[in-house]
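A look at the structure
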Amino acid sequence: EKTSNPFIRMIMEVIRHDSAMHHRVQALVIDSLTNQNINLSPEEIGEVWTLIEQHDETEREVIEIAKELRADIKKQRAAAREARKALADEFRKDKPSKRSMKKQHEALAGHHSEVQSSVNEALMKAHSVLTPEQREKVAKRIEKRGPKAALKGGGKGKRNKGSGKDKRRKGGPD
């Protein structure tokens, strides 16, 4: 809930789903101890343990990818705020410089492009550590929310609740 970034929120959703699966496994273990015996050979226990270790490593890697992305986006947002402030300051002048304003617009576009590149890089890193089943779940979420949600927000989160488009159409400034 600390971020509106759709990629990070998607990763957190996958982790929450993963936690629910952990509870199911715990329930199975409890049932096997209290109600029914489940017999596993030492080899089967070894296979299960290997899968658990692989899962834990994947989870650690995805969390690290999300942390890196969040830090990178935070830097880009700070730089974009500075560019917006400089643009606003220039606009406030009695005679704003067209050249200076264009420069600030270009800076904003550059920051936007950097965020898109960071998200793309994070998606590629996540792809490399997720299983085909996990990748399919993420792909379905991307497909459902569309590229706008995957790259810039625009999903159904609180930032887009009652977007400003309706206000602008009712006579507000564009």
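Residues numbered from 1 in each chain as written. Predicted model: local features only at pLDDT ≥ 70, side-chain atom pairs only at ≥ 80, totals over all residues. Heavy atoms only, no water.

Considerations on the overall build of the protein chain
Our working definition: Think of it this way: any DSSP run of H or I at least four residues long counts as a helix, any run of E at least two long counts as a strand, and we number them from the N terminus. A simple rule labels every residue: compare its accessible area, found with a 1.4 Å probe on the protein chains alone, to the largest value its type can have, and call it buried under 20%, exposed over 50%, or partly exposed in between. Contact definition: two residues touch when any of their heavy atoms are within 4.5 Å. Computed with a 1.4 Å probe, the accessible areas rest on the Shrake-Rupley method; for each residue, only the protein chains presented here act as cover.
A count of helical and extended segments in the protein chain gives 5 helices and 0 strands. Secondary structure elements in the protein chain, listed N-terminal to C-terminal, are α-α-α-α-α. Out of the 174 residues in the protein chain, the part that is buried amounts to 21%. Considering only residue pairs separated by 6 or more positions, the protein chain has 73% of its internal contacts joining residues 24 or more positions apart. Counting every atom, the protein chain has about 13,500 Å² of accessible surface; 54% of that belongs to carbon and sulfur.

Let's talk about the environment of Q134
Structurally, Q134 is set in helix α4 (residues 132-152). Sequence separation between Q134 and V14 is 120 residues, and the spatial gap between their C-alpha atoms is 8.1 Å. For Q134, the residues in contact, after removing those within four places along its chain, are T58 and V129.

Some remarks on the confidence of the model for the protein chain
What counts is decided by this rule: Confidence per residue, as judged by the predictor, is encoded in pLDDT with a range of 0 to 100.
For the protein chain, per-residue confidence averages 77 on the pLDDT scale, and residues scoring 70 or more make up 79% of the total. Averaged pLDDT values over the elements of the protein chain bottom out at 43 in helix α5 (residues 165-169) and peak at 90 in helix α3 (residues 98-129). This stretch, residues 147-174, has a pLDDT under 50; its non-local contacts, to residues over four places away or in other chains, come to 23 contacts.

Some thoughts on a nonpolar patch on the surface
Short version of the rule: Patch membership requires more than 30% relative accessible area and the absence of a salt bridge. Residues of like charge join within 9 Å; the nonpolar side chains Val, Leu, Ile, Met, Phe, Trp and Tyr join within 5 Å. When a carboxyl oxygen of Asp or Glu is within 4 Å of a side-chain nitrogen of Lys or Arg, the pair counts as a salt bridge.
Together, L28, I38, L40, I45, V48, W49 and I52 make up an exposed nonpolar region whose accessible area comes to about 650 Å². The element best represented in the nonpolar patch is helix α2 (residues 42-92), accounting for 4 residues. Following the sequence through the fold, I38 ends up in the loop between α1 (6-34) and α2. Taking the relative accessible area as the measure of exposure, I38 reaches 42% and is therefore partly exposed.

Quick look at the packing of α2 against α3
Operational definition: Here an angle of 0 to 180 degrees is reported between the N-to-C directions of two axes, which are lines fitted to C-alpha atoms, with helices fitted over the stretch in contact. An angle below 35 degrees is read as roughly parallel, one above 145 as roughly antiparallel, one from 65 to 115 as roughly perpendicular, and any other as oblique. Put simply, Ala, Val, Leu, Ile, Met, Phe, Trp, Tyr, Cys and Pro go in the nonpolar bin, Asp, Glu, Lys and Arg in the charged bin, and everything else, Gly too, in the polar bin.
Closest axis-to-axis distance for the α2/α3 pair is 9 Å, and the angle between their directions is 175 degrees. Relative to α3, α2 is oriented roughly antiparallel. Here the residues of the contact of α2 with α3 sort into 18 nonpolar, 7 polar and 7 charged.

Section: the side chain of T58
Inspection of the secondary structure assignment puts T58 in helix α2. Not counting residues up to four positions away in its chain, the partners in contact with T58 are V129, L130 and Q134.

Side note on the pattern of salt bridges
Once the charged atoms of two side chains with opposite charge are near each other, the side chains can pair. Across all of its chains, the model carries 5 salt bridges by this definition. For the salt bridge of D89 with K85, the shortest nitrogen-to-oxygen distance reads 2.9 Å. Here D89 pairs with K85, and both are found in helix α2, just 4 residues apart, close to one helical turn. Residue D89 pairs with R92 through a salt bridge whose shortest N-O separation is 2.8 Å. Of this pair, D89 and R92 are both found in helix α2, 3 residues apart, which corresponds to roughly one turn of the helix. For R92, a relative accessible area of 61% gives the class exposed.

A few points about α2
The criterion, for reference: Expected helix span is given by 1.5 Å per residue-to-residue step, counting one fewer step than there are residues.
Between its terminal C-alpha atoms α2 stretches 74 Å, which fits the 75 Å expected from 51 residues at 1.5 Å a residue. Along α2, the positions that sit buried rather than exposed are T58, V62, I65, A66, L69, I73, Q76, A80, A83, L87 and E90.

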